[in-house]
Amino acid sequence: MVNPGPLTPGQVSFLLGVVPVLVAWIYSELLEYGKYSSHSKVHSDNNLVELGSDAVKEEDRAVLLEGGVLKSASAKFHSSSAKSSLLRFVSMDESFLLENRTTLRSMAEFGAILVYFYVCDRTNILSETTKVLFLMYHYFAATEIYNAIRVFIAAYVWMTGFGNFSYYYIRKDFSVARFMQMMWRLNFFVAFCCIVLNNDYMLYYICPMHTLFTLMVYGALGIFNKYNETPAVMAVKIFSCFLVVIIVWEIPGVFDFLWSPLVFLLSYTDPAKPELPRLHEWQFRSGLDRYIWIIGMLYAYYHPNVERWMEKLEEAEPKKRHTIKTGIVVSSVFVGYMWYEYIYKLDKATYNKFHPYTSWIPITVYICLRNFTHQLRGCSLTLFAWLGKITLESYISQFHIWLRSSVPNGQPKLLLSLIPNYPMLNFMLTTAVYVLVSHRLFELTNSLKSVFIPTKDNRRLFQNFLAGVAISVSLYFLAFVLLLIPNNA
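Since this is a predicted model, take the numbers as computed values, not measurements.

Reading the values: the criteria
Residues numbered from 1 in each chain as written. Predicted model: local features only at pLDDT ≥ 70, side-chain atom pairs only at ≥ 80, totals over all residues. Heavy atoms only, no water. Helix = DSSP H or I, 4+ residues; strand = E, 2+ residues; numbered from the N terminus. Contact = heavy atoms within 4.5 Å. Areas by Shrake-Rupley, 256 points an atom, 1.4 Å probe, with all protein chains shown as cover. Phe/Tyr/Trp six-rings, centres within 6.5 Å; stacked < 30°, edge-to-face > 60°. Polar contact = N/O pair within 3.5 Å; in protein donor to acceptor, adjacent residues only side chain to side chain. Salt bridge = Lys/Arg side-chain N within 4 Å of Asp/Glu carboxyl O. Buried < 20%, exposed > 50% of the residue type's maximum accessible area, 1.4 Å probe, protein only. Axes fitted to C-alpha atoms, helices over the stretch in contact; angles between N-to-C directions. Parallel < 35°, antiparallel > 145°, perpendicular 65-115°, else oblique. Left-handed = near helix turned anticlockwise from the far one by under 90°. Nonpolar A, V, L, I, M, F, W, Y, C, P; charged D, E, K, R; others polar. Core = buried A, V, L, I, M, F, W, Y, C linked by side-chain atoms within 4.5 Å. Patch = residues over 30% accessible without salt bridge, like charges linked within 9 Å, V, L, I, M, F, W, Y side chains within 5 Å. Expected span 1.5 Å × (residues − 1). Arc of directions from axis to C-beta. Lys, Arg positive; Asp, Glu negative; His and termini not counted. pLDDT = per-residue confidence, 0-100.

Caption draft 1: Region of interest: the overall build of the chain. In terms of regular secondary structure, the chain is built from 23 helices and two strands. Restricting to contacts in the chain with at least 6 residues of sequence separation, those with at least 24 account for 79%. Summing over all exposed atoms, the chain offers an accessible surface of approximately 27300 Å²; the carbon and sulfur share of this is 69%.

This is the structure in structure tokens:
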């Protein structure tokens, strides 16, 4: 083990919170096991005859096996107030533990994964596999890989604009519950990573960046949302988005002035580059993709019109259809080639200067070629679609499963070695663990979201929010006091 450093109040408060949850979950499993065992004994003694038909028995058994949780756990959880639920949890009320067994299991499992991340980060099992990363860096031509990664991230931000615009424009759901669900999805996991691993929020820059652009899409469509169907109003909104970005990121001094009140949240100091300004990372990362989310909004707005046009094109006479499609493909390939030759091949530093203004080009070229024929539009790679659902979790998990750093806020430049001296076997094992854990984190985040964020009960949502704040503050204060005791002894 490398030196983990002193414990922080956040880490101690996490332990103070997760240990009771773990104990409660284990106790609930014991209660469930005892309940099922006693139920089976009663059935055996009565020869399973007096309980009715086979259908009734199977139904009873299903209810007992799940403790009634899968069918009504969240409903039962929401049916009582946050205060009463907390009191029943503290008092280890058996009925409460049985009703919320799956929720307790999810919380305990989530905490166990975070502990695993901490162990991976603080474990000195580097061995010879650093050479693999070194060789991969040179073998794959790092400059071109960097530029490609920038395009992939831009595509992800583009989808943030496209997806959120489509949802709010079509569903017209600007409710508090929907907003909180989005914030939970983007920040629940990363918040606990920051607390347990003592890392800054900006180390996982994808999360604050997507949170910002999601908020901007929400604000753009939420303000005067009754007029979103009016083209002139929508044009003003899109123009306003561009104007805001230009003012904040293009005019010197505005960015620092605007974000200085949030420096405690968005600052980042790389241990390897302590001389950089604290907001440098936030300005650099958010600035690289500052326009592409608006392009995503534009494409989402015109998507229905383009779709109707494509349907008419498919019904047109073959000669006209082939001529138009050929023209689109030739133009797309030409534009893509010019971008590749004069933009993509630039060195890293020069490419970064052009990226905010040109990242829409390869994305647009891909969209045009992807929708060239009806057959192409109907095809998709199931594996990539599945992996796309866990993009956020896989991005964060790579810092602590595939790679590792030995200090808080350190960029993960070390390879985690579970099988020393066998780099390919180690790669296969860590990749399998990486994908499985990422997928499980996705499921846990969503299951806990459905429990703690009710969709149609703002009063309950507000109570849960206040309860969460109160519990967090109380645990942090207790942890702070506990850490002072050794110093005063």
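Caption draft 2: Geometry of the packing of aromatic side chains. As enumerated under the stated definition, the model contains 31 aromatic pairs in all. Consider the rings of Tyr-291 and Tyr-357, whose centres lie 5.9 Å apart with planes at 40°: the pair is tilted. Within this pair, whereas Tyr-291 is found in the loop between helix H14 (280–288) and helix H15 (292–315), its partner Tyr-357 is found in helix H17 (residues 348–358), the two being separated by 66 residues in sequence. Aromatic ring contacts, followed pair by pair, group Phe-14, Phe-110, Tyr-116, Phe-117, Trp-184, Phe-188, Phe-189, Phe-192 and Phe-452 into a single cluster.

Caption draft 3: Geometry of the side chain of Asn-199. Position of Asn-199 relative to the elements: it lies in the loop between helix H9 (176–197) and helix H10 (206–222). Within polar-contact distance, the side chain of Asn-199 engages the side chain of Tyr-204 at 3.0 Å. Beyond its immediate sequence surroundings of up to four residues, Asn-199 is in contact with Cys-194, Tyr-204, His-400, Pro-408 and Asn-409.

Caption draft 4: Geometry of the pattern of salt bridges. Counted according to the given criterion, the structure contains 13 salt bridges. The salt bridge involving Glu-109 is made with Arg-440; its shortest N-O contact spans 2.7 Å. You can see Glu-109 sitting in helix H6 (residues 101–121) and its partner Arg-440 sitting in helix H22 (residues 423–452), a full 331 residues away along the chain. Exposure remark for Glu-109: the relative accessible area of 25% places this residue in the partly exposed category. Several salt bridges share partner residues, and in doing so they unite Glu-29, Arg-101 and Arg-105 into one network.

Caption draft 5: Highlighting the packing of H9 against H22. Taken N-terminus to C-terminus, the directions of H9 and H22 make an angle of 135°; their axes are 10 Å apart at the nearest point. With respect to H22, the element H9 is oriented oblique. The two elements H9 and H22 cross, and the hand of that crossing is right-handed. The residues of H22 that touch H9, namely those facing Gln-181, Trp-184, Arg-185, Phe-188 and Phe-189, are Leu-441, Phe-442, Thr-445, Asn-446, Leu-448, Lys-449 and Phe-452. When its residues are assigned to classes, the contact of H9 with H22 shows seven nonpolar, three polar and two charged.

Caption draft 6: Representation of the nonpolar core within the structure. Tyr-204 and Trp-293 are the most contacted members of the largest nonpolar core, which totals 75 residues. If one sorts the elements of this core by residue count, H9 sits on top with eleven residues.

Caption draft 7: Structural view of the packing of H6 against H22. Axis separation between H6 and H22 bottoms out at 10 Å; the angle between their running directions is 140°. With respect to H22, the element H6 is oriented oblique. Considering only the axes of H6 and H22, their crossing is left-handed. Counting all contacts with H6, which are made through Thr-103, Ser-106, Met-107, Glu-109, Phe-110, Ile-113, Tyr-116 and Phe-117, the residues of H22 involved are Val-433, Val-437, Arg-440, Leu-441, Leu-444, Ser-447, Leu-448, Val-451 and Phe-452. Its residues assigned to classes, the contact of H6 with H22 comprises twelve nonpolar, three polar and two charged.

Caption draft 8: Examining a nonpolar patch on the surface more closely. On the surface, Tyr-476, Phe-477, Leu-478, Phe-480, Val-481, Leu-482, Leu-484 and Ile-485 cluster together into a nonpolar patch covering about 720 Å² of accessible area. With respect to the helices and strands, the residue Val-481 is situated in helix H23 (residues 458–488).

Caption draft 9: Representation of unusual backbone geometry within the structure. One non-glycine residue with positive phi stands out, namely Lys-172, at about 55°. Residue position: Lys-172 is located in the loop between helix H8 (142–171) and H9. One non-glycine residue with positive phi stands out, namely Phe-224, at about 50°. Tracing the backbone shows Phe-224 in the loop between H10 and helix H11 (231–250).

Caption draft 10: How the structure looks around H11. For H11, spanning 20 residues, the distance from its first C-alpha to its last is 28 Å, which sits close to the expected 28 Å at 1.5 Å a residue. Taken together, the buried positions of H11 are Met-234, Lys-237, Ile-238, Cys-241, Val-245, Val-248 and Trp-249. Each buried residue of H11 sits inside an arc of 105° when the element is viewed along its axis, so together they form one side. For H11, the exposed residues lying more than 90 degrees away from the buried face are Ala-232, Val-236 and Phe-239.

Caption draft 11: Region of interest: the side chain of Arg-321. Mapped onto the secondary structure, Arg-321 falls in helix H16 (residues 318–344). Notably, Arg-321 is buried but unbridged: the nearest opposite-charge side chain belongs to Glu-314, and the N-O separation is 4.3 Å. With sequence-adjacent residues up to four places away left out, Arg-321 is seen in contact with Leu-313, Glu-314 and Ala-316.

Caption draft 12: Region of the structure containing the confidence of the model for the chain. On average, the chain scores 84 in pLDDT, and the residues at 70 or more come to 84%. Taken element by element, the predicted model of the chain shows its lowest mean pLDDT in helix H2 (residues 54–66) (38) and its highest in H11 (97). The low-confidence segment residues 47–75, where pLDDT is below 50, has 33 contacts with residues more than four positions distant or belonging to other chains. For residues 126–141, every residue scores under 50 in pLDDT, and the model assigns this stretch 17 contacts once sequence neighbours within four places are set aside.

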